[in-house]
Amino acid sequence: MGDSVVRTARDGRFQISGQGTMLGLRAYGYRRLEIPDGDLKEDETLSLAPFKPKALYLSSYGAANTRLRESALDIIGKTDLNAVVIDVKSDRGMIAYKTDIPLATEIGAEKIITIKHIKRLMDDLHKEGIYTIARIVVFKDNVLALARPDLAVRTASGAIWRDREGLAWTDPFSRQVWDYNIDLAVAAARDGFDEIQFDYVRFPDAKGLVFSRSSTQETRVSAISGFLADARKRLIPYNVFLSADIFGYVIWNRNDTGIGQNLEEMARQVDYISPMLYPSGFQYGIPGYPNPVLHPHQIVYRSLRKAEERTGLPAVRFRPWLQAFRDYAFGGKPFGSKEIAAQIDAAQTFGSDGWMLWNPRNVYTTAGLPPKSGLVTTIREGHRSSPGGVRTGTAHPLLGAARRRGKLSQRAPIEALPGQRPPPTG
């Protein structure tokens, strides 16, 4: 309620005291729920519906383009897909729709608006039972870095550093950069997204760069985890899930892979870890599999099991990115029905909280996708009511209608450079 947060006891019981008009409820592997304070009763049983997002990625252009968007929705209607990941801030630092963030206007990040009515889009997707994930590219931000050189990563000579795509990055140590990206996350939460997903939440994978602080493994890990902790705290009133994308090799490396991503530290700050388990991204392979594109099932499954082993977290705390694009690192092998199905089977056998398909061109087919099974659960949207006070309740693993018994029911070491996202095409 508001800024107040409690976790239920093992038997599901909880008591919360706080100022707010809405009680927000979340659990790993379930839909979030919001209940107006005026609808609550003391010692009431509340229920959450089980849900595992199975998503397609849409860039801001893909979400706005009628042909690409309708094609994606048609595939969702025919298959077991039930979610979309939409760019709110892209790899270049452009914001997809108009916000009320002064810095975004000042630096020209909203110069090209692709999604004109974000709340209308969210409403339309939610009416179809589609779970919405806002992808925010964090520290790779050409727009902010060039408009505010004082916030940019620099070379030893003092010039603004640029990556392989010629794009500038912002300093992961900068609190101003943190606040800007968290402001965007808050705006996305207000606009109705169910989950905030941070991508490029890391340092550049290059040596000899200059930041506002000395770059060591300790300071890098502290910066990335600190940013996520701040974001989690700021997002509490909006009852959204929080996730972060990591390189696949971060699971296998015991150090920070030189980019500030430490599996255990990041997992403490987010609801879901989303490793990019594209076989093409494992250019050095993993133990026993030197050519990963020939073994997509093993790459995904073994990586997820390694993450589970390292963190001690349940499988539901992980949701991987899967490859739905042609290989770019091992001879250009197409990834079709067989390869996509193998990755999906690996994620589902492991028990992850769903999975996400990445294709930079936003071109998908039904090949390899499970057919639609059962009904899609819709999201209950709350309405504003009176200020909150003290409430009690309980939660246990059971799905059912709300009952007046005070329960919240729930349905049940490789050292290598990280791989890259495939370059955008089309």
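Parameters at a glance
Residues numbered from 1 in each chain as written. Predicted model: local features only at pLDDT ≥ 70, side-chain atom pairs only at ≥ 80, totals over all residues. Heavy atoms only, no water. Phe/Tyr/Trp six-rings, centres within 6.5 Å; stacked < 30°, edge-to-face > 60°. Buried < 20%, exposed > 50% of the residue type's maximum accessible area, 1.4 Å probe, protein only. Helix = DSSP H or I, 4+ residues; strand = E, 2+ residues; numbered from the N terminus. Arc of directions from axis to C-beta. Contact = heavy atoms within 4.5 Å. Expected span 1.5 Å × (residues − 1). Polar contact = N/O pair within 3.5 Å; in protein donor to acceptor, adjacent residues only side chain to side chain. pLDDT = per-residue confidence, 0-100.

Caption draft 1: Spatial organisation of the packing of aromatic side chains. Throughout the structure, instances matching the rule amount to 19 aromatic pairs. Here the aromatic rings of phenylalanine 203 and phenylalanine 211 are separated by 5.2 Å at their centres, their planes lie at 75 degrees, and the arrangement is edge-to-face. We classify phenylalanine 203 as buried; its relative accessible area is 1%. Both rings, one in phenylalanine 325 and one in tyrosine 328, keep their centres 6.1 Å apart while their planes meet at 20 degrees; by these two values the pair is stacked. For phenylalanine 325, a relative accessible area of 7% translates into the label buried.

Caption draft 2: Quick look at unusual backbone geometry. Even without glycine at this site, aspartate 43 takes up a positive phi of about 55 degrees. Looking at where aspartate 43 falls in the secondary structure, it is placed in the loop between β3 (33-36) and β4 (44-48). One non-glycine residue, asparagine 239, lies in the positive phi region at around 55 degrees. Of note, asparagine 239 is situated in the loop between α7 (217-235) and β9 (241-247).

Caption draft 3: Representation of helix α4 (residues 118-127). For α4, the set of buried residues is Ile118, Leu121, Met122, Leu125 and His126. Projected down its long axis, α4 carries its buried residues within an arc of 130 degrees, all on one side. Of the exposed residues in α4, the ones pointing more than 90 degrees away from its buried face are Arg120 and Lys127. In this structure, the buried side of α4 is in contact with α2 (66-78), β6 (83-89) and β7 (131-137). Glycine 129, located one to two residues past α4, shows a positive phi value of around 75 degrees.

Caption draft 4: Just helix α6 (residues 175-190), in detail. Over its 16 residues, α6 runs 22 Å from end to end, which matches the ideal 22 Å to within 8%, given 1.5 Å per residue. Regarding α6, the residues found buried are Val177, Trp178, Tyr180, Asn181, Ile182, Leu184, Ala185, Val186, Ala187, Ala188 and Ala189. Along its buried surface, α6 packs onto β6, α3 (102-107), β7, α5 (142-147), β8 (195-199) and α7. At the N-terminal boundary of α6, the capping side chain belongs to serine 174, with an oxygen 3.3 Å from the backbone nitrogen of glutamine 176. Once α6 finishes, glycine 192 follows within two positions and takes phi at roughly 115 degrees, a positive value.

Caption draft 5: Molecular detail of the environment of alanine 134. Inspection of the secondary structure assignment puts alanine 134 in strand β7. It is 9.8 Å that separates the C-alpha atoms of alanine 134 and leucine 184, two residues lying 50 residues apart in sequence. With near-sequence residues (within four places) excluded, alanine 134 lies in contact with Ile86, Val88, Ala188, Phe193, Glu195, Ile196 and Gln197.

Caption draft 6: Focus on the confidence of the model for the protein chain. Taken as a whole, the protein chain shows an average pLDDT of 89; of its residues, 88% reach a score of 70 or greater. Under a pLDDT of 50 for its full length, residues 375-418 has, in the predicted model, 175 contacts with residues more than four places off or in other chains.

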